[in-house]
Amino acid sequence: MSASSKKRDFDTMVRRMIHGSDVIVEVIDARFPTLSRAKKFENLVLRNRSKQLFIAMNKVDLVPDPIVQKWKDILQEEGIKVIPTSARERLSTSILRNKIIRAVGKDFFYITACFIGLPNTGKSSLINILKGRSSAPVAPVPGFTRALQVLRITTRLRIYDTPGVIPKQLSLGDQVLLGLKRSEKLPDPIKGAWALVHRIDEINPDVIREKYEIEYESPPEFLEKFAEKRHRRMKGGELDLDTAALIFLNEHINKAKIPVWEDPDLYLRKRDKDFEDDSDDYIDEEEVEEI
Ligand SMILES: Nc1nc2c(ncn2[C@@H]2O[C@H](COP(=O)(O)OP(=O)(O)OP(=O)(O)O)[C@@H](O)[C@H]2O)c(=O)[nH]1
Ligand SMILES: [Mg+2]
């Protein structure tokens, strides 16, 4: 099956699940609360008033508490019900379960919830904790859940685990930043590593310099210095950039070792500025001359 028809298949599967569920839990990555949202599916849920949408902002263990709190406030202010969670540290997972159960009226005997979101956000991990023992396969690689899985959490509650779906038109930089693809599956790991350095520098220019203690002017220079520092050379003595790129990508995608997250203050400044810019588009009624 081609990659695009597989993607279409996953897409249809997720749509069907949303259609058949009372509660939809969108799992996002707490490091990237705007970038890791599956807006297309959110809109699908919001169009149907009988369905409840929650966002589980997962992996909060990778982000300082005040940043998590700020993002929670921002999303809540925008009308979204947010529950910050960590499947790794089992934070707020019972709160999540109770919210799901309380979201529907008492007259519902069975509750069907489905977990949706981009690959690698922790959908299967969260469901496993709710279930109490491992049943949804989890892996440190994106794209792991490949088919629908239904899990009976309690006699009343059933949860569907869905495969992560990658939104269209995401840049290579965002795809590697969000860890949507396995590093070995990238057609060109060197380009992937450059894109990751570039994207992280856009979000926070100090992070890579401080973490790796490497000074660089450009992503290619970083990768060369990284390969040198990790002693990655081919037999002839030349730097082995391919291997270095894979190691660097893995440290981010599989091991989450780079402390990077979207800055909520920057988001607020941009949002307020966009709002001001937009308000210039309107004119006072008094300014409108009658023709
Ligand atoms: N640090 C941290 N890692 C987490 C957390 N939850 C999940 N992970 C890790 O993230 C990776 C992906 O977890 P999965 O549960 O397989 O993610 P998924 O959303 O089901 O992924 P797909 O099936 O690919 O869509 C695994 O390495 C998990 O161990 C968390 O709360 N904190
Ligand atoms: Mg999964």
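Just so it is clear, the structure is predicted and the values come from calculations on it, not from any experiment.

Below, the discussion takes up the packing of aromatic side chains. Within the structure shown, the criterion is met by nine aromatic pairs. Ring geometry for Y212 against F226: centres 5.4 Å apart, planes inclined by 85°, an arrangement best described as edge-to-face. Within this pair, whereas Y212 is found in helix α8 (residues 207-212), its partner F226 is found in helix α9 (residues 219-229), the two being separated by 14 residues in sequence. A relative accessible area of 6% means that Y212 is categorised as buried. An aromatic cluster is defined as three or more aromatic residues linked by ring pairs; in this entry it consists of Y212, Y216, F222, F226 and F248.

A separate point is the sheet that holds strand β6 (residues 157-161). If you walk across this open sheet you meet the six strands as β3-β2-β1-β4-β6-β5, and the pairing is mixed. Edge positions in the sheet fall to β3 (81-84) and β5 (149-152), since each has one partner strand and no second. Taken pair by pair, the neighbouring strands of this sheet meet at an average axis angle of 25°, ignoring direction. Of the pairings in the sheet, the one linking strand β4 (residues 111-116) to β6 comprises five bridges and is parallel in character. The partner of A113 across the bridge, within β6, is I159. Packing of helix α5 (residues 123-131) onto the sheet brings it into contact with β1 (23-29), β2 (52-58), β4, β5 and β6, and relative to β6 it is tilted by some 160°.

This part takes up the domain arrangement of the protein chain. The domain architecture assigned to the protein chain consists of domain 1 (3-161) and domain 2 (172-253). A separation of 30 Å is found between the C-alpha centroids of domain 1 and domain 2. Listed as interface residues are nine residues of domain 1 and, on the opposing side, 11 residues of domain 2. Buried area between domain 1 and domain 2, summed over both chains or domains, comes out near 870 Å², and the portion from carbon and sulfur atoms is 65%. The largest contributions to the domain 1 side of the interface with domain 2 come from F32, L35 and P142, which together make up 51% of the buried area. For the pair domain 1 and domain 2, the number of links is zero salt bridges. Where domain 1 touches domain 2, the interface holds one residue pair in polar contact (both at pLDDT 80 or more). In terms of residue class, the side of domain 1 that touches domain 2 is built from six nonpolar, two polar and one charged.

The rules behind each value
Residues numbered from 1 in each chain as written. Chains lettered and ligands numbered in written order. Predicted model: local features only at pLDDT ≥ 70, side-chain atom pairs only at ≥ 80, totals over all residues. Heavy atoms only, no water. Phe/Tyr/Trp six-rings, centres within 6.5 Å; stacked < 30°, edge-to-face > 60°. Helix = DSSP H or I, 4+ residues; strand = E, 2+ residues; numbered from the N terminus. Buried < 20%, exposed > 50% of the residue type's maximum accessible area, 1.4 Å probe, protein only. Pairing = 2+ DSSP bridges. Axes fitted to C-alpha atoms, helices over the stretch in contact; angles between N-to-C directions. Contact = heavy atoms within 4.5 Å. Domains from an automatic or database assignment. Buried area = accessible area lost by both parts, 1.4 Å probe. Salt bridge = Lys/Arg side-chain N within 4 Å of Asp/Glu carboxyl O. Polar contact = N/O pair within 3.5 Å; in protein donor to acceptor, adjacent residues only side chain to side chain. Nonpolar A, V, L, I, M, F, W, Y, C, P; charged D, E, K, R; others polar.

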